[in-house]
Amino acid sequence: MNQLDALRQFTTVVADTGDFRQLAQFQPRDATTNPSLILKAVQKSEYAPLLADTVAQHRGRPLDEVVDRLLVRFGTEILSIIPGRVSTEVDARLSFDEDATYTRAERLIDLYQAAGVPTERVLIKIASTWEGIRAAERLERRGIHCNLTLLFSFCQAVACGQAKVQLISPFVGRIYDWYKKQAGSAWDEAAMAGANDPGVQSVRRIYEHYKHFGIATEVMGASFRNVGQITALAGCDLLTISPELLAQLAATEAPLTRALDPQAAQGKDLPPTHYDEAAFRLALNQDAMATEKLAEGIRAFIADAEKLEALMQTA
């Protein structure tokens, strides 16, 4: 059994890509997209006609609407290949506007429904700001399920659990990147690998908190830099993995054992934790890594969204 098949015994495998032609070979249940992945896909020759066709069909409509239609077009293509759900992201420029995030999410769902896709097959992806979490809480009450992304801190995860969001995407690789950069020449790659990786430790803490307190929100580790980070989180509810790392797992037959276990988490002695807005903002402020990576992630998604818009205006 290769490591990808072994991982499926404990964890739902999700593909992290906009390149839907790569999906079938890995047989993921779900798939995630973001502005960067869609931008990367539409710059490939095989997807250029999809971009051109979407722009031609809706020429004259507001640019933000045409972008959403392109995102839904990709999502619909992905859903024709996978059996589960696709995550589609709300414009990152709305990350600090609760009402605008809510309204844009409603539009994405309306576009999916118009394409014949049932609501339960879509996760609306929203940045884990205080405003984003509040918008997601409202959407969940309407039966629109959400994937809270750009999640780097324990306080973000706790607030998402309190809001009863469907799923969170704690980022492993970007946390690892920050600590490695901070350490500079003192970084010991071997000593900080696997279970000692700071990104892995962050997801483990969140997973154990959720399972210990019976929080139903799904934990989906994301943003991996290497296979070791993935195998160290075997047993997490879901893991969203790039096609490159999926291929590495499929090509490896080394043993893989479960690393995260809900029963073990239930037996731990963990303190209950709750955040109101003031406590959330203070906790996030005190976590330099999470503050920097959240801001950086939002800026990067905005930059890629603007590049995608520029491409569409010239299509």
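For the structure, check the block above.
The structure presented is a predicted model; accordingly, all values stated were derived computationally and were not measured.

S.K.: I'd like a rundown of the packing of aromatic side chains, residues and numbers included.
M.R.: All told, the structure shown has 7 aromatic pairs when counted by the stated rule. Ring geometry for Phe-20 against Phe-74: centres 5.8 Å apart, planes inclined by 65°, an arrangement best described as edge-to-face. Separated by 54 residues along the polypeptide, Phe-20 in the loop between β1 (12–16) and β2 (30–32) and Phe-74 in helix α4 (residues 63–79) bring together distant segments of the chain. The class for Phe-20 is buried, based on a relative accessible area of 7%. Phe-74 sits in the buried class, given a relative accessible area of 0%. Taking 4.9 Å as the distance between ring centres and 80° as the angle between the ring planes, the aromatic pair formed by Trp-178 and Tyr-179 counts as edge-to-face. Judged by its relative accessible area of 33%, Tyr-179 falls in the partly exposed class. A connected cluster of aromatic rings, assembled from ring pairs, spans Phe-20, Tyr-47 and Phe-74. Across the ring face of Phe-154, the terminal group of Arg-205 is positioned such that the distance to the ring centre comes to 3.7 Å.

S.K.: I'd like a rundown of the state of the cysteines, residues and numbers included.
M.R.: In the structure shown here, the tally under the stated rule is 0 disulfides. Cys-146 carries a free sulfur, and the closest cysteine sulfur to it, the one in Cys-160, is 9.6 Å from it. Take Cys-160: it sits in no disulfide, and the sulfur closest to it among the cysteines is that of Cys-155, at 9.5 Å.

S.K.: Go over the pattern of salt bridges, please, and point to the residues and values.
M.R.: Applying the stated criterion across every chain yields a total of 29 salt bridges. In this structure, the salt-bridge partner of Asp-30 is Arg-29, at a minimum N-O distance of 2.9 Å. A relative accessible area of 3% means that Asp-30 is categorised as buried. The partly exposed category is assigned to Arg-29, whose relative accessible area is 33%. With a shortest N-O distance of 3.9 Å, Lys-307 and Asp-304 are connected by a salt bridge. Linking Lys-307 with Asp-304, this pair stays in helix α14 (residues 288–314), spanning 3 residues, or about one helical turn. The class for Asp-304 is buried, based on a relative accessible area of 15%. Through salt bridges with shared partners, a single network forms among Asp-64, Asp-68, Asp-91, Arg-93, Arg-104, Arg-107 and Glu-309.

S.K.: Got a sec to walk through the packing of helix α7 (residues 154–162) against helix α9 (residues 198–212)? Specific residues and values, please.
M.R.: What describes two packed helices is the angle between their axes and the distance between those same axes. The interhelical angle for the contact between α7 and α9, taken along N-to-C directions, is 30°, at an axis separation of 10 Å. Here α9 runs roughly parallel to α7, going by the angle between their axes. Taken as a pair, α7 and α9 cross one another with a handedness that is right-handed. Here Phe-154, Ala-157, Val-158, Cys-160 and Gly-161 of α7 lie close against α9, whose contacting residues are Arg-205, Ile-206, His-209 and Tyr-210. For the contact of α7 with α9, the residue count by class is 6 nonpolar, 2 polar and 1 charged.

S.K.: I'd love a proper account of the packing of helix α5 (residues 98–114) against helix α6 (residues 130–141), names of residues and values included.
M.R.: Contact geometry of α5 with α6 gives a least axis separation of 8 Å together with a crossing angle of 45°. Viewed along their axes, α5 and α6 adopt a mutual orientation that is oblique. You can see that α5 and α6 cross each other, and the crossing is right-handed. Between α5 and α6, the contacting residues are Glu-98, Asp-99, Thr-101, Tyr-102 and Ala-105 on the first element and Glu-131, Arg-134, Ala-135, Arg-138 and Leu-139 on the second. Each residue belonging to the contact of α5 with α6 can be placed in one class, and the counts come to 4 nonpolar, 1 polar and 5 charged.

S.K.: Outline the nonpolar core, supporting the account with residue identities and numerical values.
M.R.: Among the nonpolar cores identified, the biggest contains 96 residues, and Leu-70, Phe-74, Ile-124, Leu-148, Ile-168 and Ile-241 are the most heavily contacted of them. Setting aside its immediate chain neighbours within four residues, Phe-74 contacts Gly-18, Phe-20, Ile-38, Ala-41, Val-42, Tyr-47 and Leu-50. Listed in part, the 5 residues of the second largest apolar core include Leu-123, Leu-167, Met-220 and Leu-238.

S.K.: Before we move on, can you summarise α7 with the specific residues and values?
M.R.: Counting buried residues along α7, 8 of its 9 residues qualify, which places the element largely inside the surrounding structure. Within α7, the full set of buried residues consists of Phe-154, Cys-155, Gln-156, Ala-157, Val-158, Ala-159, Cys-160 and Gly-161. In this structure, the buried residues of α7 make contact with α6, β5 (146–151), β6 (167–170), α9, α13 (277–286) and α14. Looking at the residues trailing α7, positive phi occurs at Lys-164, about 60°.

S.K.: Describe the sheet that holds strand β8 (residues 238–241), and please don't skip the residues or the numbers.
M.R.: In space, the 8 strands of this closed barrel follow the order β1-β2-β3-β4-β5-β6-β7-β8, with parallel pairing throughout. When the angles between neighbouring strand axes are averaged without regard to direction, this sheet yields 30°. Sheet topology note: the β2/strand β3 (residues 86–89) ladder contains 2 bridges and is parallel. Bridge pairing links Thr-32 to Ser-87 in β3. Sheet contacts for α6: β4 (122–127) and β5; angle to β5, the most-contacted strand, approximately 170°.

Definitions and limits used
- Residues numbered from 1 in each chain as written.
- Predicted model: local features only at pLDDT ≥ 70, side-chain atom pairs only at ≥ 80, totals over all residues.
- Heavy atoms only, no water.
- Phe/Tyr/Trp six-rings, centres within 6.5 Å; stacked < 30°, edge-to-face > 60°.
- Helix = DSSP H or I, 4+ residues; strand = E, 2+ residues; numbered from the N terminus.
- Buried < 20%, exposed > 50% of the residue type's maximum accessible area, 1.4 Å probe, protein only.
- Lys NZ or Arg CZ within 6 Å of the ring centre and 35° of its normal.
- Disulfide = S-S within 2.5 Å.
- Salt bridge = Lys/Arg side-chain N within 4 Å of Asp/Glu carboxyl O.
- Axes fitted to C-alpha atoms, helices over the stretch in contact; angles between N-to-C directions.
- Parallel < 35°, antiparallel > 145°, perpendicular 65-115°, else oblique.
- Left-handed = near helix turned anticlockwise from the far one by under 90°.
- Contact = heavy atoms within 4.5 Å.
- Nonpolar A, V, L, I, M, F, W, Y, C, P; charged D, E, K, R; others polar.
- Core = buried A, V, L, I, M, F, W, Y, C linked by side-chain atoms within 4.5 Å.
- Pairing = 2+ DSSP bridges.

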